[in-house]
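An overview of the molecular structure
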4 protein chains.
Amino acid sequence: MSNRFGHIFSITTYGESHGPAIGVVIDGCPAGLSVDVDHIAQQLARRRPGQSAIVTQRNEADTPEILSGIFEGKTTGAPIHILIRNEDQKSADYSHLADTYRPSHADYTYNAKYGHRDHRGGGRSSARETAARVAAGAIAMQFLQKFGILITAFVSQVGSVRFIFDPENVDTSKTDDNAVRCPDPEKAAAMEELIRAMRKEGDTIGGRISCIIKGLPAGLGEPVFDKLHADLAKAMMGINAVKGFEYGSGFASIEMRGSQHNDLFDVDEAGLVFTKTNYSGGIQGGISNGEPVYFDVAFKPVATLIQDQESIDSAGQKVVLEGKGRHDPCVVPRAVPIVEAMAALVIADHLLRQKAYENLNNL
Amino acid sequence: MSNRFGHIFSITTYGESHGPAIGVVIDGCPAGLSVDVDHIAQQLARRRPGQSAIVTQRNEADTPEILSGIFEGKTTGAPIHILIRNEDQKSADYSHLADTYRPSHADYTYNAKYGHRDHRGGGRSSARETAARVAAGAIAMQFLQKFGILITAFVSQVGSVRFIFDPENVDTSKTDDNAVRCPDPEKAAAMEELIRAMRKEGDTIGGRISCIIKGLPAGLGEPVFDKLHADLAKAMMGINAVKGFEYGSGFASIEMRGSQHNDLFDVDEAGLVFTKTNYSGGIQGGISNGEPVYFDVAFKPVATLIQDQESIDSAGQKVVLEGKGRHDPCVVPRAVPIVEAMAALVIADHLLRQKAYENLNNL
Amino acid sequence: MSNRFGHIFSITTYGESHGPAIGVVIDGCPAGLSVDVDHIAQQLARRRPGQSAIVTQRNEADTPEILSGIFEGKTTGAPIHILIRNEDQKSADYSHLADTYRPSHADYTYNAKYGHRDHRGGGRSSARETAARVAAGAIAMQFLQKFGILITAFVSQVGSVRFIFDPENVDTSKTDDNAVRCPDPEKAAAMEELIRAMRKEGDTIGGRISCIIKGLPAGLGEPVFDKLHADLAKAMMGINAVKGFEYGSGFASIEMRGSQHNDLFDVDEAGLVFTKTNYSGGIQGGISNGEPVYFDVAFKPVATLIQDQESIDSAGQKVVLEGKGRHDPCVVPRAVPIVEAMAALVIADHLLRQKAYENLNNL
Amino acid sequence: MSNRFGHIFSITTYGESHGPAIGVVIDGCPAGLSVDVDHIAQQLARRRPGQSAIVTQRNEADTPEILSGIFEGKTTGAPIHILIRNEDQKSADYSHLADTYRPSHADYTYNAKYGHRDHRGGGRSSARETAARVAAGAIAMQFLQKFGILITAFVSQVGSVRFIFDPENVDTSKTDDNAVRCPDPEKAAAMEELIRAMRKEGDTIGGRISCIIKGLPAGLGEPVFDKLHADLAKAMMGINAVKGFEYGSGFASIEMRGSQHNDLFDVDEAGLVFTKTNYSGGIQGGISNGEPVYFDVAFKPVATLIQDQESIDSAGQKVVLEGKGRHDPCVVPRAVPIVEAMAALVIADHLLRQKAYENLNNL
């Protein structure tokens, strides 16, 4: 059951890094949605390796092939299968790893769990799997657009270079103008410099992605366990290399007082309710209140280094692991569309759930 | 579906703050477990209001009544229903709130979602519901003990008073010696002082709970979406007032390099694999590696103040909300057993999942 | 997970025959439904033992206590817990069975599965559990009434006494005028006579219940696996003592030709589509077509006899099982409200699912 | 959620009759299973069109391509994707149907549900989808073989030609010796004659498939809702054209007495418990008791005729539907592997569930 995500708008992904293909089956997308295949391809292009000098040079076009669920340009209500072929697999690159546990990868734990593993490029544990999520997320985003909901993520920190912003007013129009995907050009330049320095040393560095969701109606999210932010947290923590999640005031709220943190309600001239501040991050009691939802995701430094490291093999013998192959010195530039995709999947699912549960007062 | 948690070892909770009772049905606890009812009562006592001078003075015994699923002291495999009566409901305390939206509570969002709401003490959105989780979690903890798994949480921060510790070696034996539930007596005293100061001002303050899981075998957790830390994150984010989650190196990993962050493998004299450091927090690729699992949870300051606040009513009119009633100046001391309970439920579920999926190599 | 039924409108039941109480938690009932508690009690009264001379004389009032989810007479969207106390438990009646496997009961299989069992009255395997379903089903029926959907079941066969009817035109208004719950008074009398004869001999007899659902809109039911009739089948087969399910033309269709079986479409004067015949049973491709849905459920003869029977005990020794205690000579009269309840739960769930998935053509 | 089946050993199918491909993703198959791809192909060959003179002449090789989840011949624990290309699609055959509702097909109901539909060959409602289930079921069967569990289905009735057999002793070794798949050569010949007569008339006829499961350990199946036979019923009713399901004594039990129907327990010389009769069909209280499980499935006559039929179009106008194209005069010969596949999926899922829930008595 672990390769499925979502209750109503749900996805199942499959595929390994070095198998013939990866893909996703979307089950539960309503019928009648006009699908823009170019948009799917664009989101995949934002995630794909080889797109700039600061990401891994594995080179894959990542062309989405839609094999079902769409007829005459529209969703039919049947499951949508998107297949993405693996093209630039260099399995030989990994043959030296068949019996070695790479530090802070999933090699050891997969072996412990499954008794054996597909060692080629991490197999199922490879971040390659996230391409399938990006493809599915693009369809979720197109669905959400019908309801005026917009999801935007960007890089807000690389190492100690941090971009501080106001979630209500940040201008994200320039996010894709630089290879790092930080909307602030100066910070972006500093981040890129840091990433290049890491690459030179064969080392890696962590990062932070921030995401803002606008246009969300009040009422999405379910008490008690499926709070909107709880499902967002699970979605984000399920992305490779993620170590932390916070929304609204987040960890900073620990040092705040209630009198400072409470978001006071007010009504505008049109009679619409709003809050004067938004420490709640657009969610109260697990349910959206109509204000922008925003959250941060922490990514650890990539574990693949171009440096020699000590490790052990499956026989428990010490080995030296040579640093070679292709890698990302920092994962966050390519992870921006993944964060957007997972957020879109969560929101689409909750939108459909809310449609189902809709109260009977207007009946 | 939102009041259910877990796939195999699963719970469904019900009940409102000011109804006759709350409770939980546990579905999927294996048969043959000897249940210690006193331990359930003890965990409830750690969560219950009125237990010390620094928590809310609502006074409830929280006696667990087991109505099914246990026969002759052992679980039968049938669903276990634990009912907890509400005793000290002062609904009248809340009558002035029937039409008012309290800031940073769930009043407004519940109304938006459901069209009307049970305004008495927050109804379903009240943290009272978590008593049901604590009761269920106690049974999960007893189940896990059979496998040598131990879960321990404690308060590690209140406001700016922080207790820094080594997750591998922290001594938690004194956690319950003080009302704050911080294992360090000096920090505990400073935290308590801060909480008392908040109470005096009718204000509140945020806090942090840390949790450590020991004895976990390697192999628990499921790629891709149900990573062990993703399910822990969802469980924690589903607790009232939680704003953030991090595990292992967490947000600090953003500023770390891969060469520093990678946990190198080694083997001990007995041939057992271990990692020299544990930035991974005991989880790699979403699967436990046998090292201790540890994580932090951020709690915002409680929204109920004993201060007047501006707000609006359901007609959109401005009102002044009087600060009165009983409240917690800081939520973390009582939230420690809730964190433990939710962690136990996640681990019990994953333990059963792993039993189901167990690889066939030994067949 | 096995004590839960339904995806969106879902229930979890708990409780044993001779424990303190049984009950149900309904999760997913929309907010704003006015609940008629008397109707719940009436449905329970139709199922309860001791209601007539031809059913078991265990005597229980089966009063539903609603402990959550309803405020000021309306559902709030929170889970609804209905508790029903066990009153006339005579556990001593069963003490002689602690180590004996009753033929065609669940004693042996529960032992095989769980390692031990609650032998008092069958414990969890007792049909007593179905009272919880009837209570939940009553709320589902009230929900469906809002949409003009009506579910009616009745007894159509006891032993070889069969009531043949036209599902489109059968008059079910007199179903409850007799103890058997067959709408035809003459057939009802013959059935009752047969049941009385069985009772006299300490024997039991099988029966058939038919159910008709009217007012269902076209479009409910999900391809591929969750076809409307597939979910109805699972719901019915989950009722104690059920051995078979058929809908529409059912098993009789085996001997029919396509040219005879096909339901030709036509339009009435108002332009509404209908089918000239209804061998499809109101469902085509798993989805309702607007015609009445009808199906039959086969119940085996009750296994508890007032006759001595050979059996074995848990040590594998042969024993003679004395026939004593209270029992139903035929299960179908009391099973009518259970069939209605399970049907209502299936339809309510599919109605909410359809609301969620609704196509976007009108957006 | 409707295109997914199973809880732990679960499948998701996708694809339309006339799209580029159909397929299935298996999620939850344990790691370490050696997979025999030839066996998958053989089961597909038993289902495929064009295999004999009495089935539809659509001609497809139905080659299974495994795109993930298997490495070095063994399952890895990752999802297994099997893709089957559509080869002999003659979409033009269906262009005249774009606006017409074929009687007793899913055309009208899909339109009612989804607002539009893929009219080419029934799209998603086509029985072509079941090829994906057969492929997945073959892997489930291979998994079950490891535990000594064997599933065998065969045709036991076509029209009024019925093969009566003893489920404990029927010899099914000759099932595939004839095109009908009835183990009795004489009955098979009569059935084939009947099917040929139907084809000549452009008409169709219903049928019955019986299935026997041997080697099942006692203890599989979950009370209350997920009884083993309830899940089998749902699985079978989800197959295209199925109208009824019965297990053990089935509908015949209606006319039986308890004293006749009860299966008395006994022990054999080796001390093993068995029942002297098996009206229970190997399942008591929803749980397997170690005796053979057997059940029957009723299939209606195929709705596609080579005869002109009256119908209406989407504008509500009367039309005459010409009978042309390729069709099956009787569905049961090709449905035998589908019944086996769905049964295998149910049993594999329950086997894993039982492994998870296993009682703690031996701990």
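Residues numbered from 1 in each chain as written. Chains lettered and ligands numbered in written order. Predicted model: local features only at pLDDT ≥ 70, side-chain atom pairs only at ≥ 80, totals over all residues. Heavy atoms only, no water.

What to know about the overall build of chain A
Regarding its fold elements, chain A presents seven helices and 19 strands. The C-alpha atoms of chain A give 21 Å as radius of gyration, which agrees with the globular expectation for 363 residues (21 Å, within 12%). Counting over 363 residues, chain A shows a buried share of 68%. The contacts in chain A between residues at least 6 apart in sequence include a share of 70% that link residues at least 24 apart. (Helix = DSSP H or I, 4+ residues; strand = E, 2+ residues; numbered from the N terminus. Rg over C-alpha atoms; globule rule 2.2 N^0.38 Å. Buried < 20%, exposed > 50% of the residue type's maximum accessible area, 1.4 Å probe, protein only. Contact = heavy atoms within 4.5 Å.)

Notes on the pattern of salt bridges
Applying the stated criterion across every chain yields a total of 92 salt bridges over all chains. For Arg208(A), the salt bridge is made with Asp296(A), and the minimal N-O distance between the two is 2.8 Å. In this pair, Arg208(A) sits in strand β11 (residues 207-214) while Asp296(A) sits in strand β17 (residues 293-299), placing the two residues 88 residues apart along the sequence. Like Arg208(A), the residue Asp296(A) is buried in the burial classification. Asp62(C) is the salt-bridge partner of Arg47(C), the closest N and O atoms lying 3.8 Å from each other. Here Asp62(C) lies in the loop between α1 (37-47) and β4 (65-68) and Arg47(C) lies in helix α1, a separation of 15 residues in the sequence. (Salt bridge = Lys/Arg side-chain N within 4 Å of Asp/Glu carboxyl O.)

Points about the pairing of strand β3 (residues 21-27) of chain A
All names here are of chain A. Counting buried residues along β3, seven of its seven residues qualify, which places the element largely inside the surrounding structure. Neither face of β3 is left uncovered, since the one carrying Ala21, Gly23, Val25 and Asp27 and the one carrying Ile22, Val24 and Ile26 both have all their residues buried. In this structure, strand β2 (residues 10-15) lies alongside β3, joined through six bridges in antiparallel fashion. Each bridged residue has a counterpart across the sheet, and for Ile11 the counterpart in β3 is Ile26. Counted along the chain from β2 to the antiparallel partner β3, the turn is five residues long. (Pairing = 2+ DSSP bridges.)

Comments concerning the environment of His7(C)
All names here are of chain C. Counting through the fold element by element, His7 comes out in the loop between β1 (4-5) and β2 (10-15). Residue classification places His7 among the partly exposed residues on the basis of a relative accessible area of 32%. The spatial distance from the C-alpha of His7 to the C-alpha of His327 is 34 Å, given a sequence separation of 320 residues.

Focus: the relation of the copies chain A and chain B
Once chain A has been moved 0.0 Å along the axis and rotated by 180°, it coincides with chain B to within an RMSD of 0.0 Å. The symmetry that links the two subunits is that of a two-fold axis. When the interface residues of chain A are mapped onto chain B, 99% of them again lie at the interface, so the same face is used by both copies. (Least-squares fit on C-alpha atoms with pLDDT ≥ 70 in both.)

Quick word on the interface of chain A and chain B
On the side of chain B, 109 residues touch chain A, which itself brings 110 residues to the contact. Between chain A and chain B lies a buried interface of about 8600 Å² when both sides are counted; carbon and sulfur atoms form 58% of it. Taken as a group, Lys113(A), Phe225(A) and Lys243(A) account for 11% of the area that chain A buries against chain B, more than any other trio of residues on that side. Summed over the shared surface of chain A and chain B, the result is 14 salt bridges. Looking at side-chain class alone, the side of chain A that touches chain B contains 42 nonpolar, 42 polar and 26 charged residues. (Buried area = accessible area lost by both parts, 1.4 Å probe. Nonpolar A, V, L, I, M, F, W, Y, C, P; charged D, E, K, R; others polar.)

Some thoughts on the relation of the copies chain D and chain B
Overlay of chain D on chain B (RMSD 0.0 Å): rotation 180°, translation along the axis 0.0 Å. In this assembly the copies share their binding face: 100% of the residues contributing to the interface of chain D also contribute to that of chain B.

Overview of the sheet that holds β2(C)
Judged by pairing direction, the sheet is antiparallel, and its five strands sit side by side in the order β1-β2-β3-β7-β4 (chain C) without closing on themselves. The open sheet has two free edges, formed respectively by β1 and β4 of chain C, since each of these has just one partner strand.

Regarding unusual backbone geometry
Residue and element names in this part refer to chain B. Of note, the bond from Pro223 into Val224 is cis; its omega dihedral lies within 30 degrees of zero at 10°. Relative to the assigned elements, Val224 resides in the loop between β11 (207-214) and α5 (228-237). A positive phi is found at Ser104, a non-glycine position, where the angle reads about 60°. Tracing the chain through its elements places Ser104 in the loop between β8 (100-101) and α2 (107-114).

A look at the interface of chain D and chain B
The partner chain B presents 19 residues to the 19 residues of chain D that form the contact. Of the roughly 1700 Å² buried at the junction of chain D and chain B (both faces included), carbon and sulfur atoms supply 66%. For the interface between chain D and chain B, the tally reads two salt bridges. The partner of Lys355(D) in a salt bridge is Glu358(B), with the nearest N and O atoms 3.8 Å apart. Inspection of the region where chain D meets chain B yields two residue pairs in polar contact (both at pLDDT 80 or more). When residues in the side of chain D that touches chain B are grouped by element, the largest group, four residues, is from helix α7 (residues 332-357) of chain D. Taken together, the residues of the side of chain D that touches chain B sort by class into 11 nonpolar, four polar and four charged. (Polar contact = N/O pair within 3.5 Å; in protein donor to acceptor, adjacent residues only side chain to side chain.)

Section: the packing of aromatic side chains
This model, assessed by the stated rule, comprises 46 aromatic pairs over all chains. Arranged with centres 6.1 Å apart and planes meeting at 55°, the rings of Phe265(A) and Tyr101(B) form a pair that is tilted. One end of the pair, Phe265(A), is in strand β13 (residues 265-267); the other, Tyr101(B), is in strand β8, on a second chain. Neither Phe265(A) nor Tyr101(B) differs from the other in exposure class; each is buried. Taken together, the ring pairs in this structure connect Phe9(A), Phe143(A) and Phe147(A) into an aromatic cluster. We note Lys113(C) situated over the ring of Tyr114(C); from NZ or CZ to the ring centre the distance is 5.9 Å. (Phe/Tyr/Trp six-rings, centres within 6.5 Å; stacked < 30°, edge-to-face > 60°. Lys NZ or Arg CZ within 6 Å of the ring centre and 35° of its normal.)

Quick word on α5(B)
The element α5(B) is extensively covered by neighbouring structure, given that 10 of its 10 residues are classed as buried. Here α5(B) has its buried residues at Leu228(B), His229(B), Ala230(B), Asp231(B), Leu232(B), Ala233(B), Lys234(B), Ala235(B), Met236(B) and Met237(B).

Observations concerning helix α2 (residues 107-114) of chain C
Judged by how many residues are buried, α2(C) sits mostly within the fold: six of eight residues are covered. Among the residues of α2(C), those classed as buried are Asp107(C), Tyr108(C), Thr109(C), Tyr110(C), Lys113(C) and Tyr114(C). Taken together, the buried residues of α2(C) touch β8 (100-101) of chain C together with β13 (265-267), β14 (273-275), β15 (283-284), β16 (287-288) and α7 of chain D. Looking one or two places after α2(C), you find Gly115(C), whose phi comes out positive at around 85°.

Quick word on the packing of helix α5 (residues 228-237) of chain C against helix α7 (residues 332-357) of chain C
Residue and element names in this part refer to chain C. Where α5 contacts α7, the axes come no closer than 9 Å and their chain directions differ by 145°. Considering how the two elements wind past one another, α5 and α7 form a crossing that is right-handed. When α5 is examined against α7, the residues Leu228, Asp231, Leu232, Ala235 and Met236 are found in contact with a partner set consisting of Val339, Met342, Ala343, Val346, Ile347, His350 and Arg353. Broken down by class, the residue content of the contact of α5 with α7 amounts to nine nonpolar, one polar and two charged. (Axes fitted to C-alpha atoms, helices over the stretch in contact; angles between N-to-C directions. Left-handed = near helix turned anticlockwise from the far one by under 90°.)

Let's talk about the sheet that holds strand β18 (residues 309-313) of chain B
All names here are of chain B. Pairing in this open sheet of three strands is antiparallel, and the strands run β8-β18-β19 from one edge to the other. Sheet topology places β8 and β19 (318-321) at the edges, where each strand pairs with a single neighbour. For β18 and β19, the ladder comprises four bridges, and the chain directions are antiparallel. Each residue of the ladder has a partner; that of Glu310, found in β19, is Val320.

Here we look at the confidence of the model for chain A
Low-pLDDT stretches of the model should not have their predicted coordinates read in fine detail. In the predicted model, chain A carries a mean pLDDT of 93, and the fraction of residues at 70 or more is 97%. If you check the scores for this complex, the pTM reads 0.97 and the ipTM reads 0.97. (pLDDT = per-residue confidence, 0-100.)

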